[in-house]
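This is what each chain is made of:
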Amino acid sequence: MAIQRTFSIIKPDATERNLTGAVNAVIEKAGLRIIGQRRIKMTREQAERFYDVHKERPFFGELVDFMTSGPVVVQVLEGENAVKAYRDVMGATNPTEAADGTIRKLFAKSIGENSVHGSDSEENAAIEIAQFFSLADIVG
Ligand code: DAT
Ligand code: MG
């Protein structure tokens, strides 16, 4: 498998508890390199666009409220098979179903406040990275 890039967000429940470094330690221990990183406060417009695929789901409003409730850290991660490698180390969406040692098992508060986002395909990774980063801010 080739070296790949994926997009990550450290969500407001994690930044609020000062867990950015703790999440990054798990990411780096999994062999992924953080090659772009920025702390931002998402606007509603950004969050709605980012989660557009979920706009018909009953939790959409709650999700946008949460993602705009505090600072997030947007990241570009690089490594071998990075999309799947990051999904594996994130753990299941619902932290009660997440495997031991995963970010969501370690830190997530609930299925909604689940500490991290990671792209689900290489195609979506490219779209999501472009939404938050310019090329000059990614240094591999
Ligand atoms: P993932 O973040 O694991 O890719 P997803 O794409 O299905 O999961 O959903 C995006 C986010 O929406 C998820 O991280 C948290 C929220 N979410 C998903 N299912 C939910 C539910 N049943 N109730 C509340 N929030 C939910
Ligand atoms: Mg998803």
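The protein has the name Nucleoside diphosphate kinase in an unreviewed UniProt entry, where Henriciella pelagia is given as its organism. Of the protein, the UniProt comment under Subcellular location (unreviewed entry) reads exactly: "Cytoplasm". The record held by UniProt for the protein lists under Cofactor (unreviewed entry) the comment "Mg(2+)".

Caption draft 1: A look at helix α7 (residues 122–132). If you check which residues of α7 are buried, you get Ala125, Glu128, Ile129, Gln131 and Phe132. The buried residues of α7 all sit within an arc of 155 degrees when viewed along its axis, so they share a single face. Across from the buried face of α7, at angles greater than 90 degrees, the exposed residues are Glu123 and Ala130. Check the buried side of α7 and you find it contacts β1 (3–10), β2 (33–40), α3 (44–50), β3 (72–80), α5 (82–90) and β4 (116–118).

Caption draft 2: Expanded view of the UniProt feature "active site" (unreviewed entry) in the protein. UniProt records the feature "active site" (unreviewed entry) at His117, using the numbering of this structure. What makes His117 buried here is its relative accessible area of 11%. Apart from residues lying up to four places away in sequence, His117 is in contact with Phe7, Ser8, Ile9, Lys11, Phe50, Tyr51, Tyr86, Met90 and Glu128.

Caption draft 3: Summary view of the UniProt feature "domain: Nucleoside diphosphate kinase-like" (unreviewed entry) in the protein. If you check UniProt for "domain: Nucleoside diphosphate kinase-like" (unreviewed entry), the listed places come out as residues 3–140 in our numbering. The annotated region residues 3–140 carries 40% helix and 20% strand content, and the separation between its end C-alpha atoms amounts to 11 Å.

Rules behind the numbers
- Residues numbered from 1 in each chain as written.
- Chains lettered and ligands numbered in written order.
- Predicted model: local features only at pLDDT ≥ 70, side-chain atom pairs only at ≥ 80, totals over all residues.
- Heavy atoms only, no water.
- UniProt positions renumbered as here; feature names shortened; annotations may be inferred.
- Buried < 20%, exposed > 50% of the residue type's maximum accessible area, 1.4 Å probe, protein only.
- Helix = DSSP H or I, 4+ residues; strand = E, 2+ residues; numbered from the N terminus.
- Arc of directions from axis to C-beta.
- Contact = heavy atoms within 4.5 Å.

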